[in-house]
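Chain by chain, the residues:
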Protein chains: 2
Amino acid sequence: MKRSKEEQKKATIRKLTEVARVHFSAHGYAEASTEEMVQEAGLTRGALYHHFGNKEGLFHAVLAMVQAEIAQQVESEAAQSEDLWEQLVLGCRAFVSAAVESPNRRILLIDGPSVLGWESWRQMDQEHSMRLLHEQLLLIDEQGGLKPVSIPALTHLLSGAMNEAALWIAQMPDQQHALIEATASLRLMLDGFKAQ
Amino acid sequence: MKRSKEEQKKATIRKLTEVARVHFSAHGYAEASTEEMVQEAGLTRGALYHHFGNKEGLFHAVLAMVQAEIAQQVESEAAQSEDLWEQLVLGCRAFVSAAVESPNRRILLIDGPSVLGWESWRQMDQEHSMRLLHEQLLLIDEQGGLKPVSIPALTHLLSGAMNEAALWIAQMPDQQHALIEATASLRLMLDGFKAQ
DNA sequence: TCACATACATACAGTTTGTATGTTAAATTG
DNA sequence: CAATTTAACATACAAACTGTATGTATGTGA
């Protein structure tokens, strides 16, 4: 049984990120021990530092995975409608739903900005979910669907609102109901920007 | 020169929190060394652990100070108007302005949730700025000023939007202009909830 | 096939947090 | 007012953790 080096590498990276995702989301970045993670992955810390440089590098890779997953869910959910505005609402709800999930929440919303710094975190977001939000708002604006407003400012406000919504929902006893309430509020919020 | 123990205690706590606030906001929680902080305060780590229990306890005290300061600024700014709705807008702008400031931003918005956990952080917020926001929304609602909406959900959405706005503004080249744009967007956002 | 690169493992050093113990001065009490 | 206690620290130490330097084995290209 001899795997090529490339296969080996891919497998190691995947195993480590998967294990790390669990530890980071369960215990938080600071409390997640590199030693415990590599042991659970059947490796040593040598492998971690070889592939990711340091602990932060591993976290970065995990966050990238989370971001990509969520963005994909948002995109496919938004594609359910033909109407630009309805796409926006569907995408927003999909984002909140995905961000609430425990394998994502802490990594994406709590530790992400703290570990990588807000600017790095934001840049990653720009390449995933936030990009979708921004592009959608631009599309709507092009068709005159928005009141005159700074699109970047609006994008950030909405993004922040949704992030907080996810964290709020996560700790509510009835999450399903909380999601409905948050979505309703979000819809009204969006209405404020709609050109009549 | 003999100070009473109570005076000594107060002075030590104040000195430590002040130094810690600088270190936490400049380097972040994880990179702020307890040894460096107590040295700069002219003490040893014994004093820190005596008064605050651990590093997290010190951070908690610093964050409480930051929260209290900001809440006071929000409250006094909102008091400039008689109109409930205008008070809300003024308070929101004051909050963003205060949260942008570098002695506050990282501690309040980046490291706070990560270090204390979102629920503890949120609970502290509930006792300060967020309480003001929530009460103001309730007041407006009592007078029929709001569309039918879940006030808690709305409170969180707005709070999240403002937090993100502060982080966005902070890294813009022209912060003054960014604050104006964010405030304008926020006003539209609030308009979405206004009963006509 | 032979030199090299890659994917790790191992060993070690440096830092940092937290705790346990000691010390001094103020406060309390008999 | 003397004796005792207690609070505010300082000091010393243990444990954990990250990062780095080095070693090794295996695959790969010339």
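It should be emphasised that the depicted structure is a prediction, and the values quoted were computed from it without experimental measurement. Note that residues are indexed from 1 along each chain, following the sequence as it is written. Written order decides the labels, with chains lettered from A and ligands numbered from 1. With the structure being a predicted model, the display of local features is reserved for residues of pLDDT at least 70 and the display and counting of side-chain atom pairs for 80 or more, all residues being used for whole-chain, interface and lining totals. The side-chain quantities take in all heavy atoms of the structure and omit both hydrogens and water.

Re the UniProt feature "domain: HTH tetR-type" (unreviewed entry) in chain A
Then step 1. The positions UniProt marks with the feature "domain: HTH tetR-type" (unreviewed entry) are residues 10–70 of chain A.
Then step 2. Segments assigned H or I by DSSP are reported as helices when at least four residues long, segments assigned E as strands when at least two residues long, and all are numbered from the N terminus. Note that residues 10–70 of chain A is 80% helix and 0% strand, and that its end C-alpha atoms are spaced 22 Å apart. UniProt positions are given in the numbering used here, feature names are shortened, and annotations may be inferred rather than shown by experiment.

Brief notes about the UniProt feature "DNA-binding region" (unreviewed entry) in chain A
Then step 1. Here, UniProt's "DNA-binding region" (unreviewed entry) annotation points to residues 33–52 of chain A.
Then step 2. Secondary structure across residues 33–52 of chain A divides into 75% helix and 0% strand, with the first and last C-alpha atoms of the span separated by 15 Å.

Some points on the protein's contact with DNA strand C
Then step 1. Any residue with a non-hydrogen atom lying within 4 Å of a molecule or strand is treated as near it. Contacts to DNA strand C come from 21 residues, most closely from A:Lys5, A:Thr44, B:Thr34, B:Arg45 and B:Tyr49.
Then step 2. In this structure, A:Gln8 approaches DNA strand C through a side-chain N or O atom, which is 3.0 Å from a phosphate oxygen.
Then step 3. We define a polar contact as two N or O atoms separated by no more than 3.5 Å, with the added condition that, inside protein, one atom must be a possible hydrogen donor and the other a possible acceptor, whereas residues neighbouring each other in sequence contribute only through side-chain atom pairs. Within the contact set of DNA strand C, a phosphate oxygen lies 2.8 Å away from a side-chain nitrogen or oxygen of A:His50.
Then step 4. Across the surface near DNA strand C, the residue classes tally to four nonpolar, ten polar and seven charged. Gly counts as polar in this scheme, as do all residues outside two lists: the nonpolar Ala, Val, Leu, Ile, Met, Phe, Trp, Tyr, Cys and Pro, and the charged Asp, Glu, Lys and Arg.

Quick look at the pattern of salt bridges
Residues and elements named next belong to chain B.
Then step 1. By convention in these notes, a salt bridge is any Lys or Arg side-chain nitrogen within 4 Å of a carboxyl oxygen on Asp or Glu. Following the criterion strictly, the structure yields 16 salt bridges over all chains and no others.
Then step 2. Note that Arg131 is salt-bridged to Glu135, the shortest N-O span being 3.5 Å. Remark: Glu135 and Arg131 occur in helix α8 (residues 129–142); sequence separation between them is four residues, near one turn of the helix.
Then step 3. Here Arg131 falls in the partly exposed class, since its relative accessible area comes to 33%.
Then step 4. The partly exposed category is assigned to Glu135, whose relative accessible area is 37%. Here the term buried applies to any residue with accessible area under 20% of the maximum for its type, exposed to any over 50%, and partly exposed to those in between, with areas from a 1.4 Å probe on protein chains only.

What to know about the environment of B:Ser25
Residue and element names in this part refer to chain B.
Then step 1. Positionally, Ser25 belongs in helix α1 (residues 5–27).
Then step 2. With 77 residues separating them along the chain, Ser25 and Ser102 place their C-alpha atoms 6.8 Å apart.
Then step 3. Residues are treated as being in contact if the distance between any of their heavy atoms lies within 4.5 Å. Contact partners of Ser25, with chain neighbours within four places excluded, come to Ser102, Pro103, Arg106 and Ile107.
Then step 4. Reaching out from Ser25, the side chain makes a polar contact with the backbone oxygen of Val22 at a distance of 3.1 Å.

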